[in-house]
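# Coordinate inspection notes
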Amino acid sequence: MGTQVFKLRYRGAAGTGGLAANLWAESIAIEYGIPPNSMQIHKKVRLGLPASGLHWKDAAWLAFGVFIKAPALSELLPDGTFIHISSLEYPLSDYRSEAAALAMGGWLHERFDIESSGAAVTYEAARNHFAFTWGETAHPFSDAPH
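To keep things clear, this report deals only with the structure shown in the data block. (Residues numbered from 1 in each chain as written. Predicted model: local features only at pLDDT ≥ 70, side-chain atom pairs only at ≥ 80, totals over all residues. Heavy atoms only, no water.)

### Examining the layout of surface pockets
What counts is decided by this rule: Computed over the protein atoms alone on a 1 Å grid, cavities are sets of points where a 1.4 Å probe fits but cannot get out and pockets are open sets with protein on both sides within 12 Å along at least five of seven lines; a residue lines them when it has an atom within 4 Å of a point. Grid points are joined across faces, edges and corners, and a volume is the space filled by probe spheres set on the points.
In this structure, the largest pocket spans a volume of roughly 300 Å³. In terms of lining residues, the largest pocket is bounded by 14 residues, among which Ile68, Lys69, Pro71, Ser117 and Glu136 are the most central.

### What to know about helix 3 (residues 99-112)
How we decide: Each helix is a run of DSSP H or I of at least 4 residues and each strand a run of E of at least 2, with the numbering of both proceeding from the N terminus. A helix is expected to span 1.5 Å multiplied by its residue count minus one. Residue burial is assigned from relative accessible area. The probe radius is 1.4 Å, only protein chains are included, and a residue is buried under 20% of its type maximum, exposed over 50%, and partly exposed in between.
Here helix 3 spans 20 Å end to end across 14 residues, near enough to the 20 Å set by a 1.5 Å rise per residue. Of all 14 residues in helix 3, eleven are buried; the element is thus mostly enclosed. When helix 3 is considered as a whole, its buried residues turn out to be Ala99, Ala100, Ala101, Leu102, Ala103, Met104, Gly105, Gly106, Trp107, Leu108 and Phe112. Asp113 lies just past helix 3 and shows a positive phi near 55°.

### Here's the deal with the environment of Trp107
Residue placement: Trp107 occurs in helix 3. Judged by relative accessible area, which is 2%, Trp107 ranks as buried. For the pair Trp107 and Leu23, spaced 84 residues apart in sequence, the C-alpha to C-alpha distance is 7.6 Å.

### What to know about the side chain of Ser38
The condition that has to hold: We define a polar contact as two N or O atoms separated by no more than 3.5 Å, with the added condition that, inside protein, one atom must be a possible hydrogen donor and the other a possible acceptor, whereas residues neighbouring each other in sequence contribute only through side-chain atom pairs. Here a residue-residue contact requires only that any non-hydrogen atoms of the pair lie within 4.5 Å.
Relative to the helices and strands, Ser38 resides in strand 3 (residues 38-42). Residue classification places Ser38 among the buried residues on the basis of a relative accessible area of 17%. Among the polar contacts made by the side chain of Ser38, one reaches the main-chain carbonyl oxygen of Pro35 at a distance of 2.7 Å. In this structure Ser38 touches Arg46, Leu47 and Phe82, once residues within four positions along its chain are discounted.

### Regarding unusual backbone geometry
With phi around 55°, Asp113 is a residue other than glycine that occupies positive phi space. Within the secondary structure layout, Asp113 lies in the loop between helix 3 and strand 6 (119-124). Since its relative accessible area comes to 64%, Asp113 is described here as exposed. Non-glycine residue Phe141 carries a positive phi angle of around 75°.

### Details of helix 1 (residues 56-67)
Here helix 1 spans 16 Å end to end across twelve residues, near enough to the 16 Å set by a 1.5 Å rise per residue. Among the residues of helix 1, those classed as buried are Asp58, Ala59, Trp61, Leu62, Ala63, Phe64, Gly65 and Val66.

Dropping the structure here:
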């Protein structure tokens, strides 16, 4: 199907607080073994990052964005899939690294019509703070059970 773009745009109440990111990605069937330079996310779900590289936090949050949808993706595509990220772009003024996970989840939802994982963001204007929730995952990157 080729590369598809997902544009994440979030504005808090009354236009305060904002996040924005553009994610270009494609899904490629895994037919002939493990794609080079890919990372395993879950079973036969693998992720590849842009050749131009990314900040480590962006890479980690992109991987987490795939992870929270990976069980549903594995069920949908039992032979496996390679999610290749071509590019992640964002304005520095409207970006937090967690937005990469939201953009990845949005791309997967649009591409595969996978049910929402519960990942969301709200902006708390009084504290000038973004509050992220990750569905059933309380502490991303923790080895402790949910």
